Protein chains: 2
Amino acid sequence: MNLTIDYLQKALSGKFELALLDELVRYSQFKQVPVGAYLIRPGEYIRSVPFILNGSVKIMRPDKEGREVLLYYLGELDTCAMSLTCCLGSKQSEVTAIAEEETELIAIPVEKVDEWMCRFPTWKQFVFQTYQKRFDNLLATIDEVVFHKLDERLLTYLHKKTESCQCRVLTVTHEEIAQEMATSREVISRLLKQLEKNGQIQLMRNKIEIL
Amino acid sequence: MNLTIDYLQKALSGKFELALLDELVRYSQFKQVPVGAYLIRPGEYIRSVPFILNGSVKIMRPDKEGREVLLYYLGELDTCAMSLTCCLGSKQSEVTAIAEEETELIAIPVEKVDEWMCRFPTWKQFVFQTYQKRFDNLLATIDEVVFHKLDERLLTYLHKKTESCQCRVLTVTHEEIAQEMATSREVISRLLKQLEKNGQIQLMRNKIEIL
DNA sequence: CGGAATCAGTGACTTTTATCACTCAGAACA
DNA sequence: TGTTCTGAGTGATAAAAGTCACTGATTCCG
């Protein structure tokens, strides 16, 4: 697909001024990312900041032993704050980013992200809003793991997931959930059964319907 | 005390250009904060960004039921990234900030923080480095609570605390530790006893020596 | 079709953490 | 000096989460 001002204008619907849209088209690169593809892995350097047009991306935090936790999802018109700082400080990534659905995004070169901040107030505002959102996301994640038990966490996990993919029936295995919540499959299976008993969900093979 | 360029120059030792130091002195306010004082409480609005000259400040995340967790410490030449975004977006604080020691800081008005970013490259760099650091802090906190057991968490808690206050003997009760780690006093008492048995710490009334 | 692979369910048990109930030591203070 | 308060230690027990071992069901594919 070709990146055009028309397209961006529709997608961003008045979020940015025309001059900025023009530069976005001129300097950034359109990308289509298939489900399951890695946008970034820990340790890699990031050379451009992804700006998601549609689809969704999950951000995971791994530890040394191969486990990992879901931090949050990025969706439409979201940007990764970590990649911002990583780029500007040319630091390696601390997280994994995986396309949860087929995702379309534009990759913006770091220099431009930096340059535009002073030239376009809407861009600066956007960048800081992004930081704000990510901090809130991380704090929400901390709230979950510190203050809530697994069954509650599982429920909010399911709800967030349905939000992110916009459908009531999730296609996911217990094993996958366990990995994203850094626990074991059996535990998740049992808790899911419990939630089903309580009438909060409906279990099927590979699928979970949220009621 | 009076805020002078000389003083700041010494404190910041070449971090910022003279013109910026000049504006720092002109527009910000020097503050001395006693131990235990609240810099900010959740729900309050922040009108200026604190820049810590010396001392240390602990940032806590509360939940609705009155419990809270320690997120990280701010020390010399640190700034709170959350207050940055909160200010710029005029949002309420999501966290509590308490002076862990007697702390000296300068309060910088939001408009200046914003304005200087385009005028002083060192300032912009500083702001983004701050975001970087806070993200790293939050990720480290998440690592702890998700991947580590309480005894390990307790040990890193103690080590961070000694770092922040620069002494090997902490003056703290088991109850306080329990609160900052969102658990109960008995649990902490037992784990501390265990650490003492392993020769990692030495317990005294109101005091813990790290070996 | 039939075997292999993947996913889910579950009993039995352990470990970790939380909670309750109480004792004891030292500090504080009148 | 004795009483009160705060901090700490600890046994008993419960609840939550993790682990092991196995079974059964469904899907996939040669």
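Everything numeric in this text was worked out from a predicted model, so none of it was measured.

Caption draft 1: Geometry of the protein's contact with DNA strand C. Of all residues adjacent to DNA strand C, which total 16 residues, the nearest are His174(A), Lys149(B), Leu150(B), Thr183(B) and Arg190(B). Of everything in DNA strand C that lies within 4 Å of the protein, sugar and phosphate atoms constitute 52%. Lys193(A) is positioned with one of its side-chain polar atoms (N or O) 3.2 Å from a phosphate oxygen of DNA strand C. Residue Asn206(A) places a main-chain N or O atom 3.2 Å away from a phosphate oxygen belonging to DNA strand C. When residues in the surface near DNA strand C are grouped by element, the largest group, four residues, is from helix α8 (residues 185-197) of chain A. Per-class residue counts for the surface near DNA strand C are two nonpolar, five polar and nine charged.

Caption draft 2: Expanded view of the relation of the copies chain B and chain A. Under the fitted operation, chain B is carried onto chain A by 0.0 Å of movement along the axis and a turn of 180°, and the coordinates agree to an RMSD of 0.1 Å. Taken together, the rotation angle and the small translation identify this as a two-fold axis. Closest approach to the rotation axis within chain B is made by the C-alpha atom of Cys118(B), at a distance of 2.7 Å. A share of 100% of interface residues in chain B that are also interface residues in chain A marks the association as one of identical surfaces.

Caption draft 3: How the structure looks around the packing of helix α3 (residues 81-88) of chain A against helix α5 (residues 121-147) of chain A. Residues and elements named next belong to chain A. Direction vectors running N to C along α3 and α5 enclose 120°, while the axes themselves pass 9 Å from each other. Classified by the angle their axes make, α3 and α5 are oblique. Residue-level inspection shows Ala-81, Met-82, Leu-84 and Thr-85 of α3 in contact with α5, the latter providing Val-127, Thr-130, Tyr-131, Arg-134 and Leu-138. Broken down by class, the residue content of the contact of α3 with α5 amounts to six nonpolar, two polar and one charged.

About the criteria used
Numbering of residues begins from 1 in every chain and follows the order in which that chain's sequence is written. Each chain takes a letter, starting from A, and each ligand takes a number, starting from 1, following the order in which they are written. Thresholds applied to this predicted model are a pLDDT of at least 70 for local features of residues and 80 or more for the giving and counting of side-chain atom pairs; totals over whole chains, interfaces and linings are not thresholded and use all residues. The side-chain figures draw on all heavy atoms in the structure; neither hydrogens nor water molecules are used. Near residues are defined by distance, with any heavy atom within 4 Å of the molecule or strand qualifying the residue. Distance and chemistry together define a polar contact, namely a pair of N or O atoms within 3.5 Å, with one atom able to donate a hydrogen and the other to accept it when in protein, and with adjacent residues in sequence counting only for side-chain atoms on both sides. Secondary structure is summarised from DSSP: a helix means a run of H or I of at least four residues, a strand means a run of E of at least two, and numbering begins at the N terminus for each. Gly is placed with the polar residues, together with every amino acid not listed as nonpolar (Ala, Val, Leu, Ile, Met, Phe, Trp, Tyr, Cys and Pro) or charged (Asp, Glu, Lys and Arg). The superposition of copies rests on a least-squares fit of C-alpha positions from residues with pLDDT of 70 or more in both. Residue contacts are defined here by distance: any two heavy atoms, one from each residue, within 4.5 Å place the two residues in contact. Here, axes are lines fitted to C-alpha atoms. For helices the fit covers the stretch in contact, and angles between N-to-C directions go from 0 to 180 degrees. Orientation categories follow fixed angle ranges, with anything under 35 degrees roughly parallel, anything over 145 roughly antiparallel, 65 to 115 roughly perpendicular, and all other angles oblique.

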